[in-house]
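Chain by chain, the residues run as shown.
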Amino acid sequence: MPTFTYRDKIAVLDLGGDENRFSPQFLDEVNRALDTVLAEGAHALITTAAGKFYSNGLDLDWLSAHGDRAEWYVAQVQSLFARVLTLPVPTVAALPGHAFGAGAMLAIAHDWRVMRADRGYFCFPEADIHIPFTRGMAALIQAKLTPKSAIASMTTGRRFGGPDALAHDLVDAIADADAVTDQAVALLAPLGAKDQATLGAIKTTMFADAVTALTNA
């Protein structure tokens, strides 16, 4: 279950200690946490996790049991991506372990990413598990990555360790296991507080095409 604490004025949202797959309940809990973070006037947001997974992405067990709601479910997932992409505070995904599929997309939706250096993989496995990207998901990833990095990660199913992810600009920094969140704080602390309305408008304009693709599925 997602929980959050504060490092000074920076909210740290812990997604949980298991695989943190995107069940409908999980999505609701994350959205409620984001509501609270914004209402309380946090200066910035870090998302992280307590276990060896940041997130393994889509809840395929739920999806297989509720196939008639697949379109609704994907829309909920993409709505969260769009929300994080345009969140009106600076954001960092602090990855203590694996980020796969939609979990990696959630990380990409943040402004910056810090990854554990020695363990864990950042991976878009879609090419190997026969699940093409939706237009919205592809637009999200391509809004953040260079064409070279997008080809390297989206078409191969490759698992990137921390140094490899940094070399391909999938993440912005790497750190020791016990310093991933500290490194995220170090990225955000110098920024101070930003006006939410202004920053939200800037991000909405910057990523307008991706937001349209994510929310008009």
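It should be emphasised that the depicted structure is a prediction, and the values quoted were computed from it without experimental measurement.

Basis of the calculations
- Residues numbered from 1 in each chain as written.
- Predicted model: local features only at pLDDT ≥ 70, side-chain atom pairs only at ≥ 80, totals over all residues.
- Heavy atoms only, no water.
- Helix = DSSP H or I, 4+ residues; strand = E, 2+ residues; numbered from the N terminus.
- Rg over C-alpha atoms; globule rule 2.2 N^0.38 Å.
- Buried < 20%, exposed > 50% of the residue type's maximum accessible area, 1.4 Å probe, protein only.
- Contact = heavy atoms within 4.5 Å.
- Areas by Shrake-Rupley, 256 points an atom, 1.4 Å probe, with all protein chains shown as cover.
- Lys, Arg positive; Asp, Glu negative; His and termini not counted.
- Charge placed at Lys NZ, Arg CZ, Asp CG, Glu CD.
- Pairing = 2+ DSSP bridges.
- Axes fitted to C-alpha atoms, helices over the stretch in contact; angles between N-to-C directions.
- Phe/Tyr/Trp six-rings, centres within 6.5 Å; stacked < 30°, edge-to-face > 60°.
- Lys NZ or Arg CZ within 6 Å of the ring centre and 35° of its normal.
- Patch = residues over 30% accessible without salt bridge, like charges linked within 9 Å, V, L, I, M, F, W, Y side chains within 5 Å.
- Salt bridge = Lys/Arg side-chain N within 4 Å of Asp/Glu carboxyl O.
- Core = buried A, V, L, I, M, F, W, Y, C linked by side-chain atoms within 4.5 Å.

Asker: So what's going on with the overall build of the chain? Residues and values would help.
Answerer: Scanning the chain from terminus to terminus reveals 11 helices and 10 strands. For the chain, whose C-alpha radius of gyration is 16 Å, the value lies close to the compact-globule estimate of 17 Å for 217 residues. For the chain, with 217 residues in total, the buried portion stands at 52%. Here the contacts in the chain between residues at least 6 apart in sequence split such that 74% fall between residues at least 24 apart. Looking at the chain as shown, the accessible area adds up to about 9900 Å², and 53% of this sits on carbon and sulfur atoms. Averaging the locations of the 17 positively and 24 negatively charged side chains of the chain gives two centres separated by 3 Å.

Asker: Help me get a handle on the sheet that holds strand β3 (residues 44-48), residues and values and all.
Answerer: The six strands are arranged β1-β2-β3-β5-β7-β10 in an open sheet whose pairing can be described as mixed. What marks the edges here is a single partner per strand, and that holds for β1 (3-7) and β10 (173-175). Neighbour-to-neighbour, the strand axes of the sheet open up by a mean angle of 25 degrees, direction not taken into account. In this structure, β3 lies alongside strand β5 (residues 91-95), joined through three bridges in parallel fashion. The residue of β5 that forms the bridge with Thr47 is Ala93.

Asker: I'd love a proper account of the packing of aromatic side chains, names of residues and values included.
Answerer: For the structure shown, the criterion picks out seven aromatic pairs. An angle of 10 degrees between the planes, with centres 5.7 Å apart, marks the rings of Phe22 and Phe26 as stacked. Residue Phe22 is classed as buried on the basis of its relative accessible area of 0%. Given a relative accessible area of 6%, Phe26 falls into the buried group. Their ring planes at 75 degrees and their centres at 6.2 Å tell us that Phe124 and Phe133 sit as a pair that is edge-to-face. Taken together, the ring pairs in this structure connect Phe22, Phe26 and Phe81 into an aromatic cluster. Cation over ring: Arg69 sits above Trp72, and NZ or CZ is 4.3 Å from the ring centre. Between the NZ or CZ atom of Arg159 and the centre of the ring of Tyr121, over which it lies, the distance is 5.9 Å.

Asker: Explain a nonpolar patch on the surface to me, using residue names and the numbers behind them.
Answerer: Side chains of Leu60, Ile129 and Ile131 sit close together on the surface and give an oily, nonpolar patch of about 230 Å² of accessible area. Within the element layout of this structure, Ile129 appears in helix α5 (residues 126-129).

Asker: Before we move on, can you summarise the nonpolar core with the specific residues and values?
Answerer: In this structure, Phe22, Phe81, Leu95 and Phe122 are the most contacted members of the largest nonpolar core, which totals 55 residues. For Leu95, the contacting residues outside a window of four places in its chain are Tyr54, Ala107, Val114, Met115, Arg116, Phe122, Val171 and Val180. One finds Val114, Ala175, Val180 and Leu188 within the second-largest nonpolar core, a separate group that totals 13 residues.

Asker: Describe the pattern of salt bridges, with residues and values.
Answerer: Side chains that differ in charge, positive against negative, can pair when their charged atoms come close. Taken as a whole and assessed by the stated rule, the structure comprises seven salt bridges. Residues Arg83 and Asp35 are paired through a salt bridge, measuring 2.5 Å at the closest nitrogen-oxygen approach. Taken together, the residues Arg83 in helix α3 (residues 70-85) and Asp35 in helix α1 (residues 24-39) connect sequence positions 48 residues apart. When the shortest N-O distance is used, the salt bridge between Lys203 and Asp111 registers 2.9 Å. Placement of Lys203 in helix α10 (residues 196-206) and of Asp111 in the loop between α4 (102-109) and β7 (112-116) is noted, with a sequence separation of 92 residues between them. Residue classification places Asp111 among the buried residues on the basis of a relative accessible area of 19%.

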